[in-house]
Amino acid sequence: MPSSPEDTADHTDHHEPPGSPDSLILHATDNGVSTITLNRPEAMNAVTWDQRERVIALLAAASADPGIRAVVLTATGRGFCAGADLRGAPATGDRVPGDVARTIRLGAQRLIAAVLDCEKPVIAAVNGTAAGIGAHLAFACDLVLAAESAKFIEVFVRRGLVPDGGGAYLLPRLVGPQRAKELMFFGDPLPARDAERLGLVNRTVPDEELAATARAWAQRLAEGPTRSIALTKQLVNASLDADRATAFAAEAMAQEINMTTQDANEGVASFVERRAAKYRGI
């Protein structure tokens, strides 16, 4: 099955990781912000089957919980995510045609879709190397912050593999087809500053400022009009797949729905009354 750990992680001894998924995926909620942290630093946070399922579940829970109004996705150690580690996946026996496609649909693609479909804004705080599915996990987020030491690697070509986990969908939409092909054809490391220049990263910050910056951005989002942001996310994500008439119709319907929220009424009232809005996320 395709697995795409970055070169430095290839030399790590990937035994079955100790501990439960709860220890390998740290989770904390504070003041409306859900922080999901990949916690397998000895393997550069190469994602196992159990970790992937835990992240998907936490993102779904964030969507459903009105008390959560923003999500931060980050990691411990020197790697953000070195790709997929499928050694912990359930045994499937001898491979038959269709197994690989099914594994990708139910695995990497579900993980990326969980980020794209999360109803709350998701910030990636990329603390180190993001390779393969790890890079795509960051690119799927709504906002991407990167430490200066971070780098992004479309590592699939180094293994003779086709990019999966939504890479060929995400990258052309972010940087255009030519840039996407350059990254995917060569698989060269892309430093954080260059990724910012290309539009893959919103902002690059010194390593020691990454966590505080992510927290500040998440707190601003958590204090904003949550439903309005969710509808905006849906509109933007769908925009490149829609013609103008469809996009305009979706925009009008989104505003129709949004105007039923308390936050929209508060936003208008605060403007009329010339005061700061106090949004409650409802």
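Here, the structure is the one placed above.
Quick caveat, the model's predicted, so the values are computed rather than measured.

A. Just the environment of Ala-212, in detail. Here Ala-212 is to be found in helix 10 (residues 210–222). Linking Ala-212 and Ala-125, residues 87 residues apart in sequence, is a C-alpha distance of 10.0 Å.

B. Representation of the packing of helix 11 (residues 226–239) against helix 12 (residues 244–258) within the structure. Their axes nearest at 10 Å, the elements helix 11 and helix 12 cross at an angle of 170°. Regarding the angle of helix 11 to helix 12, the classification is roughly antiparallel. Here helix 11 contributes Arg-227, Ser-228, Leu-231 and Leu-235 to the contact with helix 12, which in turn contributes Ala-250, Glu-251, Ala-254, Ile-257 and Asn-258.

C. Molecular detail of the packing of helix 7 (residues 167–175) against helix 8 (residues 177–186). The interhelical angle for the contact between helix 7 and helix 8, taken along N-to-C directions, is 130°, at an axis separation of 7 Å. In terms of their interaxial angle, helix 7 and helix 8 are classed as oblique. Seen from above, helix 7 lies across helix 8 with right-handed handedness. Mapping the contact onto sequence places Gly-167, Ala-168, Leu-171, Pro-172 and Val-175 in helix 7 and Pro-177, Arg-179, Ala-180, Leu-183 and Met-184 in helix 8.

D. Structural detail: the pairing of strand 2 (residues 33–38). In terms of residue burial, strand 2 counts as a mostly covered element, since five of its six residues are buried. With six bridges joining them, strand 1 (residues 25–30) and strand 2 adopt antiparallel strand pairing. Across the sheet, residue Asp-30 finds its bridge partner in strand 2, namely Val-33. If you look at the hairpin formed by strand 1 and strand 2, you'll find two residues sitting between the two strands, and Asn-31 has a positive phi there, around 55°. Bridge analysis of strand 2 against strand 3 (residues 70–75) gives six bridges, and the strand direction is parallel.

E. The environment of Glu-209, seen in detail. Within the fold, Glu-209 resides in the loop between strand 10 (203–205) and helix 10. Here the alpha-carbon distance between Glu-209 and Ala-146, two residues 63 residues apart in the chain, equals 9.9 Å.

F. Looking closely at the sheet that holds strand 2. Taken in spatial order, the six strands of this open sheet run 1-2-3-5-7-10, and their pairing is mixed. Both edges of this open sheet fall to strand 1 and strand 10, since each of them pairs with a single strand only. The mean inter-strand angle of the sheet, taken between neighbouring strand axes irrespective of direction, is 20°. Direction of pairing for strand 7 (residues 143–147) relative to strand 10: parallel, over a ladder of three bridges.

G. Structural detail: a nonpolar patch on the surface. A cluster of nonpolar side chains, Met-259, Val-268, Phe-271 and Val-272, forms an exposed patch at the surface whose accessible area comes to about 450 Å². Relative to the helices and strands, Phe-271 is located in helix 13 (residues 262–272). Residue classification places Phe-271 among the exposed residues on the basis of a relative accessible area of 68%.

H. Seen up close, the sheet that holds strand 6 (residues 129–131). Pairing within the open sheet is mixed, and its four strands lie in the order 4-6-8-9. The strands lining the two open edges of the sheet, one partner per strand, are strand 4 (79–81) and strand 9 (190–191). Alignment of strand 4 against strand 6, held across two bridges, turns out to be parallel. Of the residues in strand 6, the one forming a bridge with Cys-81 is Ala-130.

Basis of the calculations
- Residues numbered from 1 in each chain as written.
- Predicted model: local features only at pLDDT ≥ 70, side-chain atom pairs only at ≥ 80, totals over all residues.
- Heavy atoms only, no water.
- Helix = DSSP H or I, 4+ residues; strand = E, 2+ residues; numbered from the N terminus.
- Axes fitted to C-alpha atoms, helices over the stretch in contact; angles between N-to-C directions.
- Parallel < 35°, antiparallel > 145°, perpendicular 65-115°, else oblique.
- Contact = heavy atoms within 4.5 Å.
- Left-handed = near helix turned anticlockwise from the far one by under 90°.
- Buried < 20%, exposed > 50% of the residue type's maximum accessible area, 1.4 Å probe, protein only.
- Pairing = 2+ DSSP bridges.
- Patch = residues over 30% accessible without salt bridge, like charges linked within 9 Å, V, L, I, M, F, W, Y side chains within 5 Å.
- Areas by Shrake-Rupley, 256 points an atom, 1.4 Å probe, with all protein chains shown as cover.
- Salt bridge = Lys/Arg side-chain N within 4 Å of Asp/Glu carboxyl O.

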